[in-house]
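# Descriptive structure summary
Spelled out from the first residue to the last, the chains are:
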2 protein chains.
Amino acid sequence: MTLALRQLATAAADFEAEFQRVLHWSAETDHAIEARVAEILADVQARGDAAVLEYTARFDGVQADTVAALEIPRGELEAAFEGLPEAQRSALEAAARRVRAYHERQLEAGGRSWSYRDEDGTLLGQKVTPLDRVGIYVPGGKAAYPSSVLMNAIPAQVAGVGEIVMVVPTPARKDGPSADARGERNPLVLAAAFVAGVHRAFTIGGAQAVGALAYGTATIPAVHKITGPGNAYVASAKRRVFGTVGIDMIAGPSEILVLADGTTPPDWVAMDLFSQAEHDELAQSILLCPDAEYIGRVRAEIERLLPGMPRRDVIRASLEGRGALIHTRSMEEACAISNRIAPEHLEVSSCDPHRWEPLLRHAGAIFLGAFTSESLGDYCAGPNHVLPTSGTARFSSPLGVYDFQKRSSLIEVSEAGAQTLGRIAAELAYGEGLQAHAQAAELRLKR
Amino acid sequence: MTLALRQLATAAADFEAEFQRVLHWSAETDHAIEARVAEILADVQARGDAAVLEYTARFDGVQADTVAALEIPRGELEAAFEGLPEAQRSALEAAARRVRAYHERQLEAGGRSWSYRDEDGTLLGQKVTPLDRVGIYVPGGKAAYPSSVLMNAIPAQVAGVGEIVMVVPTPARKDGPSADARGERNPLVLAAAFVAGVHRAFTIGGAQAVGALAYGTATIPAVHKITGPGNAYVASAKRRVFGTVGIDMIAGPSEILVLADGTTPPDWVAMDLFSQAEHDELAQSILLCPDAEYIGRVRAEIERLLPGMPRRDVIRASLEGRGALIHTRSMEEACAISNRIAPEHLEVSSCDPHRWEPLLRHAGAIFLGAFTSESLGDYCAGPNHVLPTSGTARFSSPLGVYDFQKRSSLIEVSEAGAQTLGRIAAELAYGEGLQAHAQAAELRLKR
């Protein structure tokens, strides 16, 4: 069965219309989900633990008498880590070490307090402090990603967050003989929580977990920010509690854009396109390249490799539904199109990636050169893999240490400074009709 | 008429209950407003300019044939500036200069790209770039604050934003004889837009302006982030377009907390409490002080000064409804209570403010020492006056240059690095069941 993978050329007359069709994606607002989530949140806010227990029994099939019984003790996290096969354990530790090292650089590069005094002795500055307590949502069930635990918890840990609370649903399996009343706990996820310094962990999920973290219950402490991916219910709940707590971005389907000059082995590029497509039927993989012959070679590799991939059905659906191979007039044009897309992952698969990097204005992460497969960045290069999707890289950033810090302005006006500033402030305050503002400044003037 | 201003003491048995009553404030979700805003946004998205014109005529009483006619040409902004009285003009310029200087420090302190290479030659870094285009919402009518124009536009300008688009409604006055068909344009607001480097300005407001900025119309360019305060319709619209564009925080009523050791002239403190209270009946002014006698002196000054304030009715309503004078056991305890409140504005009105500052963990801006009235910070000290309210200083920050920038991770794995990282990534990817991720890493291994 040949693959119906779209091929476009910027020189074609219908390019713009075809390109718009490729790009088009919008998260449908599901009003039924929104209404259901609003109810669950209100219920958790009103009834606390009791509501959390009920929803966990109903949605996850996990019965417990108290929410305390749903807490995973730190010892169990450690035991999960100790119980891993040696290769997994050391891979997890190595990945955590590199992610931590990168985020420590991030802290040094912009996460410190600063201040200065101006000529009249007035001190101005910015105090940077960690959040007291944050919640990390980790999806359970089939899409359990321990790497996401590292990517959410480590920046919080590096920022110095006082308490990191993880929630992860552990839905009881309905299909197998090994159904555990506590639900299925993924040992790699628990081990990752241990390595990443998670302080407390609860086996709850869905909108009820988001509500418990946002409002607090008798057992679950209220946090100040909630990060981490989740399904439509989780996303809707996060959007709704935004303001009561901080949240990270609402993530859409994953995306990769490969900008190729034709010098990378084509099977590498094919596999990189697969590695996004295998996430999800809605994931998007796009190749931009000025070399038509090379595009043909990548297509041939895609067709050769696809049948051997365990997740070939998902990959095929994703490539056929949202993928595209785009022949451009030049690398410069490819960069311009990439800026219009603002992809989550952007591979510059070129022998001269630093020539193109300055032209790239919008992307979550930029992977330079043939050896930098997106998957290295996903797991262990160091930078965060939680990245802005659906074009939001135009205005938002990878998850980072800065997401777990907040800033306070510092101002200490000297007596001399108050004389100059007071006159300016009073003039403007009177102009705005705010007389108390003006007089507060004037009282500090020497008479 | 005596002032019914609440007085609490932490040593009193009922303190906790009383304190909770003082703190309690929650933005009511008005479902009627939400539904109306959803309709307006959908209509603006579907019909563009035509919808904007209709709503502007209906809500602001401003008739125009085209949206282009609602644009304020740059020349008119400049003329407004040139037409100001000399004192206002130079105050505006001085304020802009100081605000710009502070935000330039902010850019230097954390707003630059960085990268490093690790031992195997792998490059890791973070590229920081300005947003291409942002929208600034400026309220019109009675609460028109030119200082807010400076505080929103200058950080965007310092960040290097390509195009700053301002919207400001100019509702036609219904009460006066001078009704202008174009509505009332506030010259100080237009002048501030000129000084702050606003590129384009439109006299539109409400949810329709937020929709026009978020989705773009034939005349109004789509922006990537919308900042600035507004009424309940504007706040609801911003919340709803969040994700399509970035937004700043949704602001609640303004707040000041004064932490006093009893060494500041009590009339200064009284006036500082007024300067928050005069904003709005829902604004909150709180004094924390371990000296009961001093609290009495501040109260006396409040009663003496109140009758002379032009906005005394608003001040009285605010102080009686949400204000409090709180007698604490110590300055340490006052700091702890301040952390529970996480105020927008925090004055440390003390002869030794640096002793207390390290104890203060959550606040939008911290004003140190008796000469640092909050109003100096509002207008011209330099730091931003757009600050987190309603306790959100626990997790969010003043508006800043960072709000107008975004970051992209940079990764360039060397051939040597790909050998180490590839094995780690493959191990973890197989653990997560993502075989294409694993194979993309393995293809880069030397055989």
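Under an unreviewed UniProt entry, the name given to chain A is Histidinol dehydrogenase, and the organism recorded is Aquincola agrisoli. As its UniProt record puts it under Pathway (unreviewed entry), chain A is described as follows: "Amino-acid biosynthesis; L-histidine biosynthesis; L-histidine from 5-phospho-alpha-D-ribose 1-diphosphate: step 9/9." Under the UniProt heading Sequence similarities (unreviewed entry), the entry covering chain A gives this text: "Belongs to the histidinol dehydrogenase family."

This part takes up the domain arrangement of chain A. Residues and elements named next belong to chain A. Considered domain by domain, chain A is made up of domain 1 (7–27 + 252–381), domain 2 (31–247) and domain 3 (413–443). Taking only C-alpha atoms into account, the centre of domain 1 sits 32 Å from that of domain 2. Between domain 1 and domain 2, the residue contacts involve 6 residues of the former and 6 residues of the latter. When the two sides are added together, the surface that domain 1 and domain 2 hide from each other amounts to roughly 460 Å², 51% of it contributed by carbon and sulfur. The largest share of the area that domain 1 buries against domain 2 comes from Tyr 379, Cys 380 and Ala 381, three residues that together contribute 70% of it.

Moving on to the sheet that holds strand E15 (residues 405–412) of chain A. If you trace the 9 strands from one edge of the open sheet to the other, you get E3(A)-E4(A)-E15(A)-E14(B)-E13(B)-E10(B)-E11(B)-E12(B)-E1(B), paired in mixed fashion. Looking at the sheet topology across the chains shown, the edges are occupied by strand E3 (114–117) of chain A together with strand E1 (7–9) of chain B. Across the sheet, the mean angle separating the axes of adjacent strands is 20° when strand polarity is ignored. The pairing of strand E10 (residues 255–260) of chain B with strand E13 (residues 345–349) of chain B spans 5 bridges and is parallel. Paired with B:Ile256 across the two strands is B:His345, which belongs to E13(B). Contacting E3, strand E4 (123–130) and E15 of chain A, helix H5 (residues 86–110) of chain B crosses the sheet at an angle of about 140° to E3(A). Lying on the sheet, helix H13 (residues 331–341) of chain B is in contact with E10, strand E11 (284–289) and E13 of chain B; it crosses E10(B) at an angle near 165°.

All names here are of chain A. When the UniProt feature table is mapped onto this chain, "binding site: substrate" (unreviewed entry) is found at Ser 254, Gln 276, His 279, His 345, Asp 378, Glu 432 and His 437. The largest pairwise C-alpha distance within this set of annotated residues, which runs over 184 residues, is 55.8 Å, so the set is dispersed in three dimensions. Among the secondary structure elements, His 279 is positioned in the loop between helix H10 (266–277) and strand E11 (284–289). Accessibility expressed as a relative area gives 23% for His 279, which makes it partly exposed.

This part covers the relation of the copies chain A and chain B. For the pair chain A and chain B, the best superposition has an RMSD of 0.0 Å and corresponds to a rotation of 180° with a translation of 0.0 Å parallel to the axis. Viewed as a symmetry operation, the transformation between the two copies matches a two-fold axis. Across chain A, the rotation axis passes nearest the C-alpha of A:Gly110, at a separation of 1.9 Å. In this assembly, 100% of the residues forming the interface of chain A have copies in chain B that are likewise at the interface, indicating an isologous arrangement.

What counts as what
- Within each chain, residues carry numbers counting from 1 in the order of the written sequence.
- Lettering for chains starts from A, numbering for ligands starts from 1, and both go in the order in which the items are written.
- The model is predicted, so local features are restricted to residues of pLDDT at least 70 and side-chain atom pairs to those at 80 or more, both for listing and for counting; the totals for chains, interfaces and linings are taken over all residues.
- Side-chain descriptors were evaluated using all non-hydrogen atoms of the structure, hydrogens and water having been removed beforehand.
- UniProt positions are given in the numbering used here, feature names are shortened, and annotations may be inferred rather than shown by experiment.
- Each domain's extent is set by a domain assignment, obtained either automatically or from a database.
- Whether two residues are in contact is decided by their heavy atoms: any pair within 4.5 Å suffices.
- Defined in terms of a 1.4 Å probe, buried area is the accessible area two parts forfeit on being brought together, summed over both.
- DSSP-based pairing: two strands are paired if at least 2 bridges between them are found.
- Every helix listed is a DSSP run of H or I at least four residues long, and every strand listed is a run of E at least two residues long, numbered separately from the N terminus.
- In this description, a line fitted to the C-alpha atoms serves as the axis of each element, helices being fitted only across the stretch in contact, and the angle between N-to-C directions of two axes falls anywhere from 0 to 180 degrees.
- Buried means the residue's accessible area, taken with a 1.4 Å probe over protein chains only, is under 20% of the maximum for its type, while exposed means over 50%, and partly exposed covers the values in between.
- C-alpha atoms of residues with pLDDT of at least 70 in both copies form the basis for the least-squares superposition of the copies.

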